[in-house]
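Spelled out, the chains give:
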Amino acid sequence: MNPNIAPMLGMYVHIPWCPTRCIYCDFNTYVEGNPDLKAGYQAALLREIRESGSSLKRPPLNTIFFGGGTPTTLDPTQLIKLVDTVSAAFNLQADAEITTEANPGTLSLSYLRELRQGGINRLSMGVQSFSDYELKFLSRLHNSREARKAVENARAAGFENVSLDLIFNLPQQTLEQWLSNLYEAIKLEPDHLSIYSLIVEPGTPLHRQVAQGNVPQPDDDVAADMYAATIDTLAQAGYMQYEISNWAKSKGEPDWETPALASAHNLIYWRNQSYLGIGAGAFGTVNGKRWANVKRPQSYMGRVGTGGRLGLARDEATFETLTPQTAMAEHMMLGLRLVREGVNSQAFEARFGVALEAQYAEAVAYGLERNLTEWIDSPTGPRLRLTRQGRFLANQVSVQFVE
Ligand code: SF4
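Note that the coordinates shown come from a computational prediction; the quantities given were computed from them, not determined experimentally.

Colleague: Please explain a negative patch on the surface as it appears in this structure.
Modeller: On the surface, Asp-219, Asp-220, Asp-221 and Asp-225 cluster together to form a negatively charged patch. Here Asp-225 is to be found in helix α8 (residues 220-236).

Right, here's the structure in full:
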């Protein structure tokens, strides 16, 4: 069997608007308000999509991911116009995964029907918690009833691939409180779950509250207990953990295989394949070159208005041509996040022309000796992956591959 995974190309489209800002958010987002700005930004996105497709000569495209921000602050017609423009500028594959992130408070049945009929086939909902107290603390605008209703509406609108985002280890949250959130999520039978520990990012209101002593710093030991309980609870409920923070409903895939309901778009990142970043601040990596677009929406719009090529809005300070060393190290760090498929050593050698075990003898030994990584057999060759213990210490393993 060929160990290589077919090359894929994905596209991330950044929608930077939110109705308000959540206290923990450090994403490139802005409170919406100026309709002219939003209209100008939409026009710039359309232009960057067309110019990118034309520069790359309309290549096959496997995934589109609308992220933000809150993409569902756009009218359905605007999101569909973006999909249609991508479809004209790229050879969008018939089985392409087209995801939008969505905030539960804004998802009426008619809105979701329009999205589904317009070709969006996957929803990633930022539920975060089923406790109204916790949602308020996070300054989310929806409540738990609206989150449940949004999932119901998504199913009624024909979405067969629904993912929920949850956050654990909120200040003073107990293990029992976290597990009750998780049970609520399981009851809704999502196809996929993305679950993250709360990070107190510098520059956020949450960071200031923690620094002033008004809110306790989240506890790392509690986080580890919650993560362990999450792994066990979701396994019992029929979900496969395929990435450090991601689970998908199991269809009985073998031990080494990533489940079919995994996020195809995010797999492109973790498998170290190519993706385009469209919109303000969006990152892309294409043909061994990487860059981010300029960050502020107004600057982005100004750049897109003047150019006519791939990368027309790029921030030159971020541009880099990946060296083989960087590409190999990133391949390891990203691939090890995939806790089932890991890194296939034969595919590594075919791609980089050097054996994984020879290139990274010490780093491989480090993980194996500490029971943080393991080799497993698969029909396409041996794979190096994290052990259960290694999932708790993934950064410690990854850093060994940076020279
Ligand atoms: S909805 Fe998401 S992107 Fe928007 S402010 Fe909240 S965390 Fe940030």
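Let us keep going from here.
Colleague: Just checking my understanding: could you explain empty space enclosed by the protein for this structure?
Modeller: Any space left empty among the atoms is revealed by the rolling of a water-sized probe across them. By the definition in use, this model includes two cavities of 30 Å³ or more. The space that makes up the largest cavity amounts to roughly 40 Å³. Taken together, Glu-48, Ser-52, Leu-276, Gly-277, Ile-278, Phe-283, Gly-284, Trp-291, Leu-310 and Gly-311 make up the lining of the largest cavity. For the lining of the largest cavity, the leading source of residues is strand β11 (residues 274-278), giving three residues. Together, Ile-15, Trp-17, Lys-38, Tyr-41, Gln-42, Leu-45, Leu-74 and Gln-78 line the second largest cavity. When residues of the lining of the second largest cavity are assigned to their parent elements, the largest contribution, four residues, is made by helix α1 (residues 35-55). By residue class, the composition of the lining of the second largest cavity is five nonpolar, two polar and one charged.

Colleague: What am I meant to see in the packing of helix α2 (residues 76-89) against helix α3 (residues 109-117) here?
Modeller: Each pair of packed helices can be summarised by the angle the axes make with each other and by the distance between the axes. Put simply, α2 and α3 touch, their axes get as near as 9 Å, and they point 10° apart. Relative to α3, the element α2 lies roughly parallel. On the side of α2, the interface is formed by Pro-76, Thr-77, Leu-79 and Ile-80, while α3 contributes Tyr-111, Glu-114 and Leu-115. Looking at the contact of α2 with α3, its residues break down into five nonpolar, one polar and one charged.

Colleague: What is the right way to look at the site of the ligand in this model?
Modeller: Neighbouring the ligand are the residues Cys-18, Thr-20, Arg-21, Cys-22, Tyr-24, Cys-25, Phe-27, Thr-29, Gly-69, Thr-70, Asn-103 and Arg-140. Looking at the shell around the ligand residue by residue, the classes come out as five nonpolar, five polar and two charged.

Thresholds, definitions, all that
- Residues numbered from 1 in each chain as written.
- Predicted model: local features only at pLDDT ≥ 70, side-chain atom pairs only at ≥ 80, totals over all residues.
- Heavy atoms only, no water.
- Patch = residues over 30% accessible without salt bridge, like charges linked within 9 Å, V, L, I, M, F, W, Y side chains within 5 Å.
- Areas by Shrake-Rupley, 256 points an atom, 1.4 Å probe, with all protein chains shown as cover.
- Salt bridge = Lys/Arg side-chain N within 4 Å of Asp/Glu carboxyl O.
- Lys, Arg positive; Asp, Glu negative; His and termini not counted.
- Charge placed at Lys NZ, Arg CZ, Asp CG, Glu CD.
- Helix = DSSP H or I, 4+ residues; strand = E, 2+ residues; numbered from the N terminus.
- 1 Å grid on protein atoms, 1.4 Å probe; cavity = no way out; pocket = protein on both sides within 12 Å on 5 of 7 lines; lining within 4 Å.
- Points joined across faces, edges and corners; volume = space filled by probe spheres on them.
- Nonpolar A, V, L, I, M, F, W, Y, C, P; charged D, E, K, R; others polar.
- Axes fitted to C-alpha atoms, helices over the stretch in contact; angles between N-to-C directions.
- Parallel < 35°, antiparallel > 145°, perpendicular 65-115°, else oblique.
- Contact = heavy atoms within 4.5 Å.
- Near = heavy atom within 4 Å.

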